[in-house]
Amino acid sequence: VNETASPLDKTVEVVLTCGLAVSALLLVAGLFIGAHSLLQAGILLLMLTPLARVVVVTVGLFHEGDRLFGTVSLCILLVLVGSVIVATRL
Amino acid sequence: VEPSTGILLLSGAATGLVGAMLGLGGGVFLVPLLTLALGVPIRTAVAASLISVIATASASATVNLGRGFVNMRLGLALEVATSLGGLAGGIAASLLTRQQLFVTFGITLAVMGVIMAARSNKRNVLPDPDTDPGVLGGTLVEDGTRYVYRFKRLPVGLGASLLAGAISGLLGLGGGIVKVPVLSTFCGIPIRVAAGTSTFMIGVTAAASAFIYFSRGDVVLPLTAAIALGALPGSLLGAQLSDRVRARSLKILMAVVLLAVGARMALEGL
């Protein structure tokens, strides 16, 4: 029982749990049958989970009418997207 | 010689457990364990640690969110600085030698350990529950009592977060090792909220540099997969347990670990 967890907190919790559960399944399967493609997919999905979390928080905050922190969250999203872009060009 | 999958799963589980208990990603323990005890090259260890940190941080955030230990707005404000630092650190990592990485790692930890030990007696919650917490402050319910805390010294918080991000990208940590002590000793944030908010942030910090390591080919698949997989149950358990440990014990445990690991890592680089 908690008074301080907001609906957005709950949504973020669900997104994180789903990302972790699916990537864990991929990693278990990949290690079990020795499939590198599954391991790669599992690790990529794990790396994308925080990115998905930032997308959800950004949308959620704008939806709540919190433009200030929605914009802050959008900046974080841009840095992460920037990092993916830098990574693909290496 | 590559360590066995069983050893790697256990390493991930153990570092995830302790990391989640302290509001860290566990990279601070994982990198020394992999390099010093298991003979993994430091760059491979750093890359594996970043992935494992994402797993630990995300798993413990799910627990901490439900408890109200995550101050999301504070996390977001500081995350801008950490993610920029993380990106810069990830790019800069290739410029440092192995020795420089070890020494930087060791000194960072030892300094944070000293700060934590020196301030372990300080309480951050305010006595009057009707105090206005401000935009970045908040409330915390512990043992049925409602506490209010205010966020102090935003420039210190932002500076520490930028540094935490850069260190994270360089050394394969989430940066919790810098943020939790700074938030708790200088910024007025209770240790549990500092830890909870830290776990919420460090997945993003680690991700900002993980993509760079991944495309550079530093992520060794079976090794990283086994560690990350072990880290998931370990950190879920660690986050559950953190509730039962007293705040002061958490601080002292953290200080001791920081000093010990820091000294060992610095020696390795000298």
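In this report, the structure presented in the accompanying data block is examined. Everything numeric here is computed off the predicted structure, so don't read it as measured data.

Below, the discussion takes up the overall build of chain B. The number of helices and strands found in chain B is ten helices and two strands. Starting at the N terminus, the α and β elements of chain B follow one another as α-α-α-α-α-β-β-α-α-α-α-α. Judged by the C-alpha coordinates and their principal axes, chain B covers about 60 × 35 × 30 Å. For chain B, with 270 residues in total, the buried portion stands at 63%. Long-range pairs, those at least 24 residues apart, make up 81% of the contacts in chain B between residues at least 6 apart in sequence.

Once that is clear, we can look at the side chain of D66 of chain A. Structurally, D66 of chain A can be placed in the loop between helix 2 (36-63) and helix 3 (67-88). Owing to a relative accessible area of 15%, D66 of chain A belongs among the buried residues under this scheme. One polar contact links D66 of chain A to R73 of chain B, side chain to side chain, over a distance of 2.7 Å. Excluding its chain neighbours within four sequence positions, the residues that come into contact with D66 of chain A are L61 of chain A together with R73 of chain B.

Here we come to unusual backbone geometry. Most peptide bonds take the trans form, and the phi angle of most residues other than glycine is negative. Residue and element names in this part refer to chain B. You will see that R153, though not glycine, has its phi angle at about 55°, which is positive. Considering the arrangement of structural elements, one finds R153 in the loop between strand 2 (145-149) and helix 6 (154-171). Owing to a relative accessible area of 45%, R153 belongs among the partly exposed residues under this scheme.

Between chain B and chain A, the contact holds 47 residues from the first and 42 residues from the second. Carbon and sulfur atoms make up 79% of the area that chain B and chain A hide from each other, which totals about 3900 Å². The largest share of the area that chain B buries against chain A comes from R73, F211 and L221 of chain B, three residues that together contribute 17% of it. Run the count over chain B and chain A and you get three salt bridges.

Should the charged atoms of two oppositely charged side chains come close, the side chains can pair. If you walk through the whole model with that rule in mind, you get five salt bridges over all chains. Of the charged contacts in the structure, one is a salt bridge between R73 of chain B and E64 of chain A, with a shortest N-O distance of 3.5 Å. In this pair, R73 of chain B sits in helix 4 (residues 72-92) while E64 of chain A sits in the loop between helix 2 and helix 3, so the two residues belong to two different chains. Looking at R73 of chain B, the relative accessible area reads 27%, which means it is partly exposed. For R73 of chain B, the salt bridge is made with D66 of chain A, and the minimal N-O distance between the two is 2.7 Å.

A few words on the packing of aromatic side chains. Summed over all chains, the structure comprises zero aromatic pairs over all chains. The positively charged end of R53 of chain A is found above the aromatic ring belonging to F200 of chain B, 3.8 Å away from the centroid. The ring centre of Y213 of chain B lies 5.6 Å from the NZ or CZ of R216 of chain B, which sits over that ring.

Attention shifts here to helix 9 (residues 221-241) of chain B. All names here are of chain B. If you check helix 9, its first and last C-alpha atoms are 30 Å apart, about what 21 residues at 1.5 Å a residue would give, namely 30 Å. Of all the bends in helix 9, the largest measures some 25° and sits at L232, one to four residues before the proline P233. With 15 of 21 residues buried, helix 9 lies mostly within the body of the structure.

Right, let's talk about the environment of I189 of chain B for a bit. One can find I189 of chain B in the loop between helix 7 (176-186) and helix 8 (191-216). In sequence terms I189 of chain B and V46 of chain B are 143 residues apart; their C-alpha atoms lie 29 Å from each other.

So, about a nonpolar patch on the surface. Judged by side-chain polarity, F62, L74 and L78 of chain A come together as a nonpolar surface patch covering roughly 270 Å² of accessible area. Tracing the backbone through its elements, the reader meets F62 of chain A in helix 2.

Turning to the environment of R67 of chain B, a few remarks are in order. Turning to its location among the elements, R67 of chain B is positioned in helix 3 (residues 42-67). Residue classification places R67 of chain B among the buried positions, given a relative accessible area of 15%.

As a further point, take the packing of helix 5 (residues 98-118) of chain B against helix 6 of chain B. Residues and elements named next belong to chain B. Where helix 5 meets helix 6, the closest approach of the two axes is 11 Å, and the angle between their N-to-C directions is 140°. Comparing their axes, helix 6 and helix 5 come out oblique. Regarding helix 5 and helix 6, the two cross each other, and that crossing is left-handed. Every residue of helix 6 that contacts helix 5 at L101, T104, F105 and T108 is listed here: I167, L170 and L171. Class assignment of the residues belonging to the contact of helix 5 with helix 6 gives a composition of five nonpolar, two polar and no charged.

So, how was this worked out
- Residues numbered from 1 in each chain as written.
- Chains lettered and ligands numbered in written order.
- Predicted model: local features only at pLDDT ≥ 70, side-chain atom pairs only at ≥ 80, totals over all residues.
- Heavy atoms only, no water.
- Helix = DSSP H or I, 4+ residues; strand = E, 2+ residues; numbered from the N terminus.
- Buried < 20%, exposed > 50% of the residue type's maximum accessible area, 1.4 Å probe, protein only.
- Contact = heavy atoms within 4.5 Å.
- Polar contact = N/O pair within 3.5 Å; in protein donor to acceptor, adjacent residues only side chain to side chain.
- Buried area = accessible area lost by both parts, 1.4 Å probe.
- Salt bridge = Lys/Arg side-chain N within 4 Å of Asp/Glu carboxyl O.
- Phe/Tyr/Trp six-rings, centres within 6.5 Å; stacked < 30°, edge-to-face > 60°.
- Lys NZ or Arg CZ within 6 Å of the ring centre and 35° of its normal.
- Expected span 1.5 Å × (residues − 1).
- Bend = angle between axes of the 7 residues up to and from the residue.
- Patch = residues over 30% accessible without salt bridge, like charges linked within 9 Å, V, L, I, M, F, W, Y side chains within 5 Å.
- Areas by Shrake-Rupley, 256 points an atom, 1.4 Å probe, with all protein chains shown as cover.
- Axes fitted to C-alpha atoms, helices over the stretch in contact; angles between N-to-C directions.
- Parallel < 35°, antiparallel > 145°, perpendicular 65-115°, else oblique.
- Left-handed = near helix turned anticlockwise from the far one by under 90°.
- Nonpolar A, V, L, I, M, F, W, Y, C, P; charged D, E, K, R; others polar.

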